[in-house]
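Results of the structural survey
Chain by chain, the residues:
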Amino acid sequence: MSATAQPTSPHVMNTYGRLPIALSHGQGCRVWDTAGKAYLDGLGGIAVNTLGHNHPELVPALQDQISKLIHSSNYYHVPGQEQLAAKLTELSGLTNAFFCCTGLEANEAALKLARKFGHDKGIERPEIVVYEAAFHGRSIATLSATGNPKVQAGFGPLVEGFIRVPLNDIEALKKATEGNPNVVAVFFETIQGEGGINPMRWEYLKQVRALCDQRDWLMMIDEVQCGMGRTGKWFAHQWAGIKPDVMPLAKGLGSGVPIGAVVAGPKAAHIFGPGNHGTTFGGNPLAMRAGIETIRIMEEHKLLENAATVGEHLKAALEREIGGLAGVREIRGQGLMLGIELDRPCGVILNRACDAGLLLSVTADKVIRLVPPLILSIAEADEIVAILAPIVKTFLSEPAAQ
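The sections below set out a description of the structure shown in this document. (Residues numbered from 1 in each chain as written. Predicted model: local features only at pLDDT ≥ 70, side-chain atom pairs only at ≥ 80, totals over all residues. Heavy atoms only, no water.)

Here we come to the overall build of the protein. Along its length, the protein carries 12 helices and 17 strands. Its C-alpha atoms give the protein a radius of gyration of 21 Å, near enough to 21 Å, the size a compact globule of 402 residues would have. Viewed in the frame of its principal axes, the protein has a C-alpha envelope of about 60 × 55 × 45 Å. Contacts spanning at least 24 positions in sequence make up 72% of the contacts within the protein whose residues lie at least 6 apart. With the model as given, the accessible surface of the protein reaches about 17,600 Å², and the carbon-plus-sulfur share is 54%. Of the side chains in the protein, 36 bear a positive and 40 a negative charge, and the two mean positions are spaced by 2 Å. (Helix = DSSP H or I, 4+ residues; strand = E, 2+ residues; numbered from the N terminus. Rg over C-alpha atoms; globule rule 2.2 N^0.38 Å. Contact = heavy atoms within 4.5 Å. Areas by Shrake-Rupley, 256 points an atom, 1.4 Å probe, with all protein chains shown as cover. Lys, Arg positive; Asp, Glu negative; His and termini not counted. Charge placed at Lys NZ, Arg CZ, Asp CG, Glu CD.)

Given below as structure tokens:
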């Protein structure tokens, strides 16, 4: 990174540990900073830029929509909402959708659905099962559902009504809820993103689905980061052949335009009535057009297949180049949602990769996260490995920080 003219933001609240670059424009899977340096985008805006940058079909569609109507209000019908809801229910096998602006809002709406589901059954203090290492957002309620004490610190008292269990342990789930009549839902990510790219096993997902059916709980699956084709299916839980009752979405649904959604099946789709929930910006015509066009382009260009194929190639190449190194604990994930867990904190790799022209992130202190655009090519996957592997090798050869 250039030592001169580094961008600063002195009037912006200091809520992010930013790298000293500012991005100017992008094309495909590449972006350029304001100094003219190019980067291969292995982060995709944190799993947001599904179609990469400046997509030749998405941009004209958004320009067309901006020239017509950006925002109206939910006082009126928004035709794009019905069009996008119909498509999401077709892809998911669910029945209805609510639109908001972010994954946090989608998760917040899911938590409200679960509570009202309980109250409608006469449960005065509903409780929701959540998971260790989960991340569902930074509002007070979603922060309370999140399983990261570091991000919760300083914001107590947290919201009550959550029961926390470990991943992939059905007996632990049964034990934690045994004899508790207040449990109304189980809420989790199919693959934890911020928690370190931790997948739920398919067999476990089936067991949880069966338990929810047996005990009349809502199965609520947060697909905000792992959904929208990132694993090679529209939604990551579909690999297990199950359906949730409630499914929050966001991130990649609009290819960069802020959009969130809660898609629900028959058990939860009609819990909310007029006045129970709402949003000012959610479901606006621009966001709906972005979602509609994103899905259309994904289907026409077979991006689910691309995510599966290129993701498998990328994972295999990473295994080949660094998988056997002392200090590499595991390379995991599916499709174009991959994590490389090291045996020590590795935040410095974020800066070193940036210096080398590769954008990525480090999450859960020790996990290098790759969530590039779903248009990534085999050649670009090889380029990621060619840049990243030497950085990891050099880092692991250095004395571990004490």
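Resuming the write-up.
Moving on to the nonpolar core. By size, the foremost hydrophobic cluster in this structure holds 63 residues, and its most contacted members are Leu88, Leu318, Leu342, Ile349 and Leu388. Counting 25 residues, the second-largest nonpolar core is a separate cluster that includes Ala109, Ile123, Phe162 and Phe187. (Core = buried A, V, L, I, M, F, W, Y, C linked by side-chain atoms within 4.5 Å. Buried < 20%, exposed > 50% of the residue type's maximum accessible area, 1.4 Å probe, protein only.)

With that settled, the discussion passes to the pairing of strand E14 (residues 337-342). Consecutive residues of a regular strand have side chains that alternate between opposite faces of the sheet. Among the six residues in E14, six count as buried, and that is most of the element. In this structure, strand E13 (residues 328-334) lies alongside E14, joined through six bridges in antiparallel fashion. Paired with valine 328 across the two strands is leucine 342, which belongs to E14. Joining the antiparallel neighbours E13 and E14 is a turn of two residues, in which glycine 335 adopts a positive phi near 60°. Bridging between E14 and strand E17 (residues 367-370) involves four bridges; their strand directions are antiparallel. Bridge pairing in E17 links glycine 339 to arginine 369. (Pairing = 2+ DSSP bridges.)

Moving on, we get to the environment of leucine 314. Counting through the fold element by element, leucine 314 comes out in helix H10 (residues 303-322). Note on leucine 314: relative accessible area 1%, which makes it buried. Separated by 212 residues in the primary sequence, leucine 314 and threonine 102 place their C-alpha atoms 29 Å from one another. The residues touching leucine 314, leaving out its near neighbours within four places in the chain, are Leu336, Leu338, Leu370, Ala381, Ile384 and Val385.

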